[in-house]
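# Survey of secondary and tertiary structure
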Amino acid sequence: MPDGPAPRPLLHFAPERNWMNDPNGLVFHKGRYHLFYQCNPDGVTHAHLSWGHASSTDLVTWAHHPVAIRDDEDGEIFSGSVVIDHGNTSGFGTADAPALIALYTLASREPDRQSQALAYSTDDGMTWTKYPGNPVLDRGTTDFRDPKVFRYEGPEGSYWVMVAVEALDRQVLLHRSDDLIHWTFLSSFGPERAVDGIWECPDLFSLAVDGDPSDVRWVLLISLNPGGIAGGSGTQYVIGHFDGVTFTADADATGEEIDWLDYGRDCYAGVTFDGLAREERTLIAWMSNWDYVHSLHHTEGPLQHGMMTLPRRLSLVRADGRLRLRQRPVSAPVAEETVVADAVVGALTVVAELLEAARISVRIDTQDAAGFALSLRCDAAGEGGVVLSYDRDARELRLDRTAEGAAVHESFPSVEQMPVTGGPLVDLVIWLDRASVEVFADGGTRVLTDLLAPQQGSSFAVQGIGGDVRVERIAVAGAVPVAAEELV
Ligand code: FRU
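Residues numbered from 1 in each chain as written. Predicted model: local features only at pLDDT ≥ 70, side-chain atom pairs only at ≥ 80, totals over all residues. Heavy atoms only, no water.

One open sheet holds the 4 strands; their spatial order is β5-β6-β7-β8, and the pairing between them is antiparallel. Only two strands of the sheet have a single partner each, and these edge strands are β5 (76–84) and β8 (129–130). Pairing between β5 and strand β6 (residues 100–108): 7 bridges, direction antiparallel. Paired with E76 across the bridge in β6 is A107. (Pairing = 2+ DSSP bridges. Helix = DSSP H or I, 4+ residues; strand = E, 2+ residues; numbered from the N terminus.)

Taken together, N21, D22, Q38, H46, L49, F78, S79, R145, D146, E200, Y268 and W290 are the residues near the ligand. The separation between an oxygen atom of the ligand and a polar side-chain atom of N21 is 3.1 Å. Contacts to the ligand include D146, whose side-chain N or O atom sits 2.6 Å from an oxygen atom. Coverage of the ligand by the protein chains reaches 95% of its 320 Å² of free accessible surface. Put simply, the parts of the chain that give the shell around the ligand at least two residues each are β1 (19–29), β5 and β9 (144–154). Residue composition of the shell around the ligand, grouped by class: 4 nonpolar, 4 polar and 4 charged. (Near = heavy atom within 4 Å. Polar contact = N/O pair within 3.5 Å; in protein donor to acceptor, adjacent residues only side chain to side chain. Areas by Shrake-Rupley, 256 points an atom, 1.4 Å probe, with all protein chains shown as cover. Nonpolar A, V, L, I, M, F, W, Y, C, P; charged D, E, K, R; others polar.)

Examined at the domain level, the protein breaks down into domain 1 (19–329) and domain 2 (338–478). Summarising the inter-unit geometry, the C-alpha centres of domain 1 and domain 2 are found 32 Å apart. Buried surface at the junction of domain 1 and domain 2, both sides included, amounts to about 2300 Å², of which 61% is carbon and sulfur. Linking domain 1 with domain 2 are 2 salt bridges. The residue R312 makes a salt bridge to E438 at a minimum N-O spacing of 2.8 Å. Linking domain 1 with domain 2 are 14 residue pairs in polar contact (both at pLDDT 80 or more). Going through the elements one at a time, α2 (293–296), β20 (312–319) and β21 (322–329) are the ones with two or more residues in the side of domain 1 that touches domain 2. If you tally residues by element for the side of domain 1 that touches domain 2, the top one is β21, at 6 residues. (Domains from an automatic or database assignment. Buried area = accessible area lost by both parts, 1.4 Å probe. Salt bridge = Lys/Arg side-chain N within 4 Å of Asp/Glu carboxyl O.)

Next up on the list: the packing of aromatic side chains. One pass over the full model with this rule turns up 20 aromatic pairs. For the ring pair F13 and W62, a centre distance of 5.4 Å and an interplane angle of 70 degrees mean the geometry is edge-to-face. Residue F13 is found in the segment before β1, and its partner W62 is found in the loop between β3 (50–56) and β4 (63–69); the two are separated by 49 residues along the sequence. Considering the side-chain rings of F189 and F247, the 5.3 Å spacing of their centres and the 75 degrees angle between planes classify their relative orientation as edge-to-face. In this pair, F189 sits in strand β12 (residues 184–189) while F247 sits in strand β16 (residues 247–249), placing the two residues 58 residues apart along the sequence. No difference in accessibility class separates F189 from F247, as the two residues are buried. Three or more aromatic residues joined by ring pairs form one cluster here, namely F150, Y152, Y159, W218 and F242. A cation over an aromatic ring shows up here: R151 above the ring of W160, its NZ or CZ 4.7 Å from the ring centre. When the ring centre of F412 is taken as reference, the NZ or CZ atom of R401 above it lies at 3.9 Å. (Phe/Tyr/Trp six-rings, centres within 6.5 Å; stacked < 30°, edge-to-face > 60°. Buried < 20%, exposed > 50% of the residue type's maximum accessible area, 1.4 Å probe, protein only. Lys NZ or Arg CZ within 6 Å of the ring centre and 35° of its normal.)

Below, the structure written as structure tokens:
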């Protein structure tokens with residue numbers, strides 16, 4: 001390994017040091033996006049869980065802040081959420097200067113117990129005080145966790161709702177409160193659909209279908225581990241209705257089929273920001289998998305500390321006669337696009353000098369072929385690298401990272417599969433970073449996120465399978481360096 005600081009991802013949030021897992025307490029407040037996250041302040045292992053903190057005005061440039069909420073003798077600070085207490089319902093702020101309220105899981109060992117606890121901040125999230133009456137919601141169980149709180153305004157009234165999981169029971173539990181301190185049970189959801197792993201990190205929010213405010217549905221996100229579509233950690237979503245008490249899945253929205261937020265191996269524990277308008281609902285997920293994350297933290301380089309996915313704006317769209325969640329990256333530090341291939345017909349097109357990080361937009365016509373293979377980070381002859389292929393008959397995209405990462409962990413090399421609408425013409429947007437790839441297909445209703453082992457080659461190639469393909473267009477927008485913000 002060369003001396004000097006390890007190369008960091010260029011487009012993705014990564015902590016400056018130590019261990020990171022789930023995003024926590026995502027909140028947009030006074031013009032800043034706050035990202036708290038599971039961290040170990042003292043090392044690169046999953047221990048001493050506390051909340052790290054960063055903030056940004058544009059979701060691109062992040063300022064790193066001191067650890068926000070630290071573990072103590074009562075237990076570790078597991079995942080949770082933050083809301084702005086506008087009405088000062090808790091009494092921890094004032095009507096003019098609302099407090100930020102964090103609800104998190106207090107995970108104690110003696111006794112083995114997980115309960116929900118509260119901390120408040122009266123300085124816009126910079127310092128936090130744990131509520132002396134913690135915990136605020138305790139069921140006396142060992143795996144009750146990951147509270148996501150939101151303000152419900154509807155026919156039933158206006159109050160706080162918390163969704164959390166009884167992880168081992170594969171159940172999402174809903175509670176309500178008027179003051180964020182006293183909670184009463186509303187209802188539960190599950191177990192159903194994907195249940196081959198414990199349920200974690202739920203989120204519940206409303207979105208308008210095709211932007212129509214008169215057709216609003218609710219989306220329940222449930223991360224599960226293992227049992228994800230690509231193996232190990234994954235996230236399913238359920239579209240339905242929430243009447244202020246009960247979440248009910250819509251029969252017409254999803255049927256019995258399981259809907260997956262992401263078909264890759266490295267998109268987990270994703271939750272959305274509080275404090276944004278419905279049409280700005282934005283998700284950030286942890287870009288990793290519990291199958292091998294413990295090994296990643298012992299590597300050097302961009303995988304070491306973990307990273308988050310690009311922030312993704314969510315919407316609901318009707319596609320193929322059913323509703324789907326659409327994800328679109330909000331913003332990222334990339335330059336103007338350069339068209340690197342334009343109407344090229346042939347068996348093999350090689351584009352050299354692929355940037356380390358870039359947004360790559362491709363449009364390929366497979367009219368005279370059975371599909372194509374797109375190699376990222378391959379050598380100048382088109383060999384090696386990560387291969388994204390399209391199988392027209394199977395209507396499937398595959399991402400093959402088997403050439404990478406056997407040294408990282410035995411279960412790291414893998415081939416992911418993602419169903420797509422299909423047809424001869426394929427449009428993809430691929431976000432490549434130093435150690436990750438995010439593929440957006442079908443307009444963002446199909447997404448595949450994978451970590452990658454450190455880069456091998458620096459070319460990319462498109463090759464027809466079963467015939468020549470016509471590369472209508474390949475456009476690349478390379479990453480531009482962003483300076484870290486000053487600490488605020
Ligand atoms: C999900 C998770 C959560 C828990 C946290 C602990 O990755 O297991 O359920 O709160 O991580 O770090």
